[in-house]
Amino acid sequence: MIRVALDGLRSRALLSVGTLLLLVVALGSAVLGPSFAAAVGNAYAVTRLAEERNVLTGRTWEVRPSGSTDDPAALLDDTLAQLVLPEDQHAPTAQLETSRVLVSRFLGEVMLLAKPDACTHLDLEGRCPSAPGEVAVLAGDAEEDGHELGDRIDLGGRFGTLTLVGTYAYPSGPTVAADRREALEDFWFEPGRLASVPATVRTGTEVPRQPAPYLVAPEQLAGLPPSLLVVRVDSRIDVPADLDAAELPALARRAAADPAPQQLEVGTAAEISNNDLDGIVADVDRERRAALLAVAPAVVSLVLVALALLSRLTSAAGELRVPDLALASLRGADRRRTWLLALSEPLLLVVLAVPVGIAGGAALTWALVRSWLPAGVPVPLPPYVVVACAAVVACAVAVCVVSTRAVLARSLADQLSGQARPRPAGRLAVLGSVALVALTVVLVVAALTRPSGGATDAADLALPLLIAAVLGLGAAGGARAAARALARRPARGVAGFLAVRAVARRAVGTLVVLPLTIAIAVVTFGAGTFDAAAAWRGSVAATQAPASTVWSSELPMREAVALTRRLDPDGRWLMATGTWNAQDGVYVVADAPRLPTASLWDPSWTPGRSVDDVVGLITRPSPPALTGTRLRLDLTVPRDAGEVTVEMRLRTSGGNDFNAYVGPFAAGTSTATERVPCDKGCTVEGLALAGPAGLPTELAGDYAVGPLAVDDRPASEVLTEGDWQLVDAGITQAAQEVDVTATGLVVTAEGSGKAGLTSGTGGLRPVVAGREAVDRLGRVAAGAATSTVGGPPPSEAALVAESVPFLGPEGVLIDYAVLTTNRTVYEEEFEVRVLAAADTPERISTELARRGLAVERLHAQERERLDGTAYALALRLYLVAAVLVLLMAVAGLVVTTAIQLPGRRMDAAALSVVGVRRRSVLLAVGVEQVVVLGAAAVAGLLAGAAAQLIVLGRITLGQVEEASWPRVVARVDPALLSATALVVAVLLGTVALLSAWATVRRARGASLREKAR
């Protein structure tokens, strides 16, 4: 039996090779998917631990010396020698520092720090302190304090007087090489320790300024009281390249254990680590499971397409073996032996494919791991690979049995004739098709009505294939039905007549439509899924790092705005932002006019709206400005009215706001003057007619405000061009109307209160609200009415966005000027950052570092980190699956076409004998192939696009680590769909042309004579 099977395989070599190739691909996919997912999980664990901030994965100890020291350098060495480190830790580093001591109100709380080789890990101007009495300070602190190199700084009795020999800055910016950046982070462990914190007022209490550490030589700390000294020891986690992610829980348990203080000879060491290994391990475990789910659709698609094509090829092989089976029946072979004879060839191919497929899958896994994952990551073979391979083998055997049964079910007469007579579809086939359509409709409705963002389930995985199967059946049936309808009409040409009759009567020709439709749909869906996931990761990266470089700052928001405007007056590179957790929601406050040049606004956030449109919606004209130190204002008060004072709200170029009170003004026309600190310029944000010190008063009649002069220069344009409007919140408004005159304003007021005006920001203030913020708050901020002072103003969503910088769909974006104009805002709770464009000059980056700002994150690094997650790496298999499916489809089509060639040549030869021209035959075959393959291509592209729209928003394309991450938006990229259609058209068009050419090439009358013999 085996010898007979081998002879049959050799006689049908092309068909056998095609079938073997499909089986190998299916088995290789069963090995590739789980193995690559496991390797991705291990690689993600290694990279996540290696790239996470040291403070979240490392350990820190504080050692309090037991006595004063005369040799601080020896104290550091002894501490490192005596401290016992847990396993999984790198060699530690140590620094000797003092507690912070309040030196003066001006200098704040000062800390001295000594660390070997500190100056080599900083950008230093001047020289490094090398002896007692010398110090180096942060460049921004020296500038703020007015200190220059050589100055002597008096730090009081405990620290004495030190000579400034150098200024330093932490090396930051996009020009710092990745290797150096990593070395700097390892040396300093937490770069934020070198930040300078300005004085603030919190809950009514002034918090003193905390300048960056003062770097000194170790000898400077000799003889200080031990209560002032602390040795800080840091150690990073040690992450081997061959780490198995399954070992992470044990590592987290060791890190979470509460260590007892270590009694050293130099003092007591207490661990003060604040790592988050438990959370990181949970994230890694979630990513590992997610990676396996991510590869499932790609693997299942590969296997199912291979089995669909396998069904077609085994059916074709069975058709070719029909005469042999009929002969065996005539020779007395019973049913059992006939079945064994029919199944011997396909089952032998299955047996041959098992070792080849497993070896090929393992080899491809090894190649992908070495190409895409970090060096040193092992290539695992999880136990469930055996289960997957067994399932594929069982399905392949089932396909072979079903295909063989279809052949053996034919009558002996049909088997002896070698030709299958056309028959209508059987009852089971019709019921199966109806059930398939019904199941697909049910799953589509369920997917459309199910909330998005849920866990991926079996229905999500099967839906693209089911949609493709339904459209494939429809395309095949539609092509045949259309051809039958056309066949009943008068023919308009020989080629068209032949092509129509071929499609209508040659059922074997349209059998290729279904598997080809499924293959093209899988290719379209796979490419679209990969593209959608990449676009989503781009949106997340722009949310987390909304500029090429994101600098963190301890400056108040107003000072950060002033700094960016001073360094970049034209708004080409820098923009200050602040995130604000307010009473009614979370806000990101931005110097919005700089948004187009300094930030990276992802187009998916506001489809159809550019970043320039966004800026235009949420900004208002700038308040009027004046420059000078002495205001002179004329005011006409109604005859029967009482005295009024004009309260003017101004903001300096440095961002500080204050009120100036001009007056009082008695009834009639009078002039008053007031001194203001606006020599460098101020903006006028508000005006109010009030009583003394801005208190409410009785107002009645028309008040003529103006003209205005500054330092004896006319400045009435402040009044006439300020777009003044009535304040509608926060005060008892007594004004009813404001009109502009040639020299100023006329305010009509009646009643008790204040006649309050604001410059260009009346009514609700425009914001861009994230999708979830609008769902939660509505159009107007809920808490605005209860936080008239210090909190956010009443606002209205001028635009709803999928995400906003830093805060994602939960945040609200508001312009800083719109927020603060004529309003007091408590900025102490702002988390301030400065965004810098990719082409920011080096001198500006250097100045930011000198001011104590540090690079918090880079957009490129954030995108690289997201692209390196387990999900992102696993989704690369979609590209592999798309390529393999397309190759399988083309290979199956070529084999199927080659099998049909002898019969087609006979038909072509018969036509040539009766006088049909060769050109007409060639054109007829080409038209037939174009119709059949075109129907499959169109159906496959439509199925893939429909699956993207239905499924993409509901399957997991990445793990949402934070609530600020935007959602996946289902979309079909027209460019990608067009490119896929072009590739499919080229491949199928080539096959159609080659098939037509091969059909007529050897179609001669001699072929019929040879067949007759």
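Residues numbered from 1 in each chain as written. Predicted model: local features only at pLDDT ≥ 70, side-chain atom pairs only at ≥ 80, totals over all residues. Heavy atoms only, no water.

Looking at an unreviewed UniProt entry, one finds the chain named ABC3 transporter permease C-terminal domain-containing protein and attributed to Nocardioides pinisoli. Recorded under Sequence similarities (unreviewed entry), the UniProt text for the chain is reproduced unchanged: "Belongs to the ABC-4 integral membrane protein family." Per UniProt, the chain has the following entry under Subcellular location (unreviewed entry): "Cell membrane". (UniProt positions renumbered as here; feature names shortened; annotations may be inferred.)

1. Some details on the state of the cysteines
Tallied over the entire structure, the rule returns 2 disulfides. If you count the bonded cysteines of the chain from the N-terminus, they pair up as 1-2, 3-4. (Disulfide = S-S within 2.5 Å.)

2. Here's the deal with the packing of aromatic side chains
Taken as a whole, this structure holds 5 aromatic pairs when the rule is applied. Taking the centre distance of 6.0 Å and the plane angle of 75° together, the rings of Phe36 and Trp372 count as edge-to-face. With Phe36 in helix H2 (residues 13-51) and Trp372 in helix H11 (residues 335-372), this residue pair connects regions lying 336 residues apart in the sequence. Summarising the aromatic geometry, the rings of Trp580 and Tyr587 are spaced 5.8 Å apart at their centres and angled 45° between planes, so their arrangement reads as tilted. Each member of the pair, Trp580 together with Tyr587, is buried. Counting every residue linked through ring pairs, the aromatic cluster contains Trp580, Tyr587 and Phe830. Of note, Lys115 hangs over the ring of Phe187, and the distance from its end group to the ring centre comes to 4.3 Å. Sitting above the plane of the Phe806 ring, Arg833 keeps its charged end 4.4 Å from the centroid. (Phe/Tyr/Trp six-rings, centres within 6.5 Å; stacked < 30°, edge-to-face > 60°. Helix = DSSP H or I, 4+ residues; strand = E, 2+ residues; numbered from the N terminus. Buried < 20%, exposed > 50% of the residue type's maximum accessible area, 1.4 Å probe, protein only. Lys NZ or Arg CZ within 6 Å of the ring centre and 35° of its normal.)

3. Structural notes on unusual backbone geometry
For the bond running from Gly663 to Pro664, omega is 10°, close enough to zero to count as cis. Structurally, the position occupied by Pro664 is in strand E21 (residues 657-665). Across the junction of Gly706 and Pro707, the peptide omega takes the value 10°, indicating a cis bond. In this fold, Pro707 is placed in strand E23 (residues 697-710). One non-glycine residue, Phe189, lies in positive phi territory at about 65°. Checked against the element boundaries, Phe189 lands in the loop between helix H7 (178-188) and strand E10 (200-202). One non-glycine residue, Phe806, adopts positive backbone phi at about 70°. Within the secondary structure, Phe806 is located in the loop between strand E30 (795-801) and strand E31 (811-815). A relative accessible area of 10% places Phe806 in the buried class.

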